[in-house]
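Structural description and commentary
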Amino acid sequence: HKMGNQSNIVNPAAFAAETGTSSSNLYININGQGTGTLTGANVAPTLVKTDRLLGFGEHATRAVNSAAENDLFSAGEIDASWVYIEVMRTPAAMYLQNCFYLGTNVSSINVFRADMINSTLSVTESINFTNCIITRLEASAVSLEGNKLDTLKAWFRFLQRNDTLYTYAQGGQLKGQVVSFINFRGLNYSSSNSPTQAATPAAGA
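A brief report on the enclosed structure follows.

1. What about the overall build of the protein chain?
- Scanning the protein chain for helices and strands turns up two helices and 13 strands.
- Counting the 205 residues in the protein chain, one finds 36% classified as buried.
- The long-range share in the protein chain, meaning contacts at least 24 apart out of those at least 6 apart in sequence, stands at 58%.
- Split by element, the accessible area of the protein chain, about 12000 Å² in all, is 53% carbon and sulfur.

2. Considerations on unusual backbone geometry
- For Asn118, which is not glycine, the phi torsion reads 50° and is therefore positive.
- The residue Asn118 is located in the loop between strand E6 (106-117) and strand E7 (120-138) in this model.
- Assessed through its relative accessible area of 54%, Asn118 is described here as exposed.
- For Asn131, which is not a glycine, the phi torsion comes out positive at approximately 55°.
- Classification of Asn131 as partly exposed rests on a relative accessible area of 30%.

3. Looking at the nonpolar core
- Judged by nonpolar contacts, the single largest core of 21 residues is most densely connected at Ile85 and Phe156.
- The set of elements that each furnish at least two residues to this core consists of strand E1 (26-30), strand E5 (83-88), helix H2 (91-102), E6, E7 and strand E10 (151-157).
- Among residues more than four places away in sequence, those in contact with Phe156 are Trp82, Val83, Ile85, Ile109, Phe129, Cys132, Ile133, Ile134 and Thr135.
- If you look at the next biggest cluster of nonpolar residues, it comprises ten residues, including Val43, Ala44, Ala114 and Val123.

4. What to know about the side chain of Glu125
- Tracing the chain through its elements places Glu125 in strand E7.
- Judged by relative accessible area, Glu125 falls into the buried class, the value being 19%.
- Residues contacting Glu125, with those up to four places away along its chain left out, are Val111, Phe112, Arg113, Asp163, Thr164, Leu165 and Tyr166.

5. Some points on the packing of aromatic side chains
- This structure, assessed with the given rule, holds five aromatic pairs.
- Considering the side-chain rings of Phe158 and Phe184, the 5.8 Å spacing of their centres and the 70° angle between planes classify their relative orientation as edge-to-face. Here Phe184 lies in the loop between strand E12 (174-183) and strand E13 (188-194) and Phe158 lies in the loop between E10 and strand E11 (160-168), a separation of 26 residues in the sequence.
- Taken together through their ring pairs, the aromatic side chains of Phe129, Phe156, Phe158 and Phe184 make up a single cluster.
- Above the face of the Trp155 ring, Arg136 is positioned so that its terminal group lies 4.0 Å from the ring centre.

6. Let's talk about the environment of Val83
- Among the secondary structure elements, Val83 is positioned in strand E5.
- By relative accessible area, Val83 is classed as buried at 0%.
- Other than its neighbours up to four places away in sequence, Val83 contacts Phe56, Gly57, Glu58, Phe129, Ala154, Trp155, Phe156 and Phe158.

The rules behind these values
Residues numbered from 1 in each chain as written. Predicted model: local features only at pLDDT ≥ 70, side-chain atom pairs only at ≥ 80, totals over all residues. Heavy atoms only, no water. Helix = DSSP H or I, 4+ residues; strand = E, 2+ residues; numbered from the N terminus. Buried < 20%, exposed > 50% of the residue type's maximum accessible area, 1.4 Å probe, protein only. Contact = heavy atoms within 4.5 Å. Areas by Shrake-Rupley, 256 points an atom, 1.4 Å probe, with all protein chains shown as cover. Core = buried A, V, L, I, M, F, W, Y, C linked by side-chain atoms within 4.5 Å. Phe/Tyr/Trp six-rings, centres within 6.5 Å; stacked < 30°, edge-to-face > 60°. Lys NZ or Arg CZ within 6 Å of the ring centre and 35° of its normal.

Below, the structure written as structure tokens:
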């Protein structure tokens with residue numbers, strides 16, 4: 001009997017070993033515990049305490065009446081998955097690990113998508129998760145496959161999710177922002193579309 005693959009999650013470190021070095025536009029701020037590797041005048045202040053985010057995944061489902069002839073949502077329950085992240089083994093990763101062992105919440109986990117705009121690494125989207133509880137950790141090392149225990153995989157549950165998309169003009173000027181928000185305590189949710197005046201990304205947003 002031949003053993004199958006132990007994991008169906010693609011390992012970014014192993015993939016990089018096969019394809020060469022590339023840069024990602026995803027970054028993460030784990031409750032301000034990052035090492036702050038991004039510096040310089042061409043880096044948005046929001047990104048200063050972030051680390052490189054190697055893997056990210058989430059999904060949500062809504063429970064509805066399955067009868068095709070019924071137009072009502074019935075209970076309409078929203079079920080958000082545990083959020084999956086993969087980070088380098090930095091002090092922020094050890095902070096996650098300790099929160100998991102102690103059973104303490106992480107008050108804020110911010111995921112950023114950043115792109116070069118007018119020669120500045122600027123935030124184009126931020127997803128802010130608050131009141132997070134780490135539900136699972138995973139680390140593996142298979143040196144022959146290029147994985148040398150460099151990363152930590154983590155899954156977490158959250159109370160609130162705030163997703164902000166920043167829009168820019170062709171010339172690089174910030175035009176505005178579009179926001180999607182949900183709070184599972186009482187199931188409050190909202191969306192907004194703000195003009196330029198309210199569109200400056202705040203630190204830790």
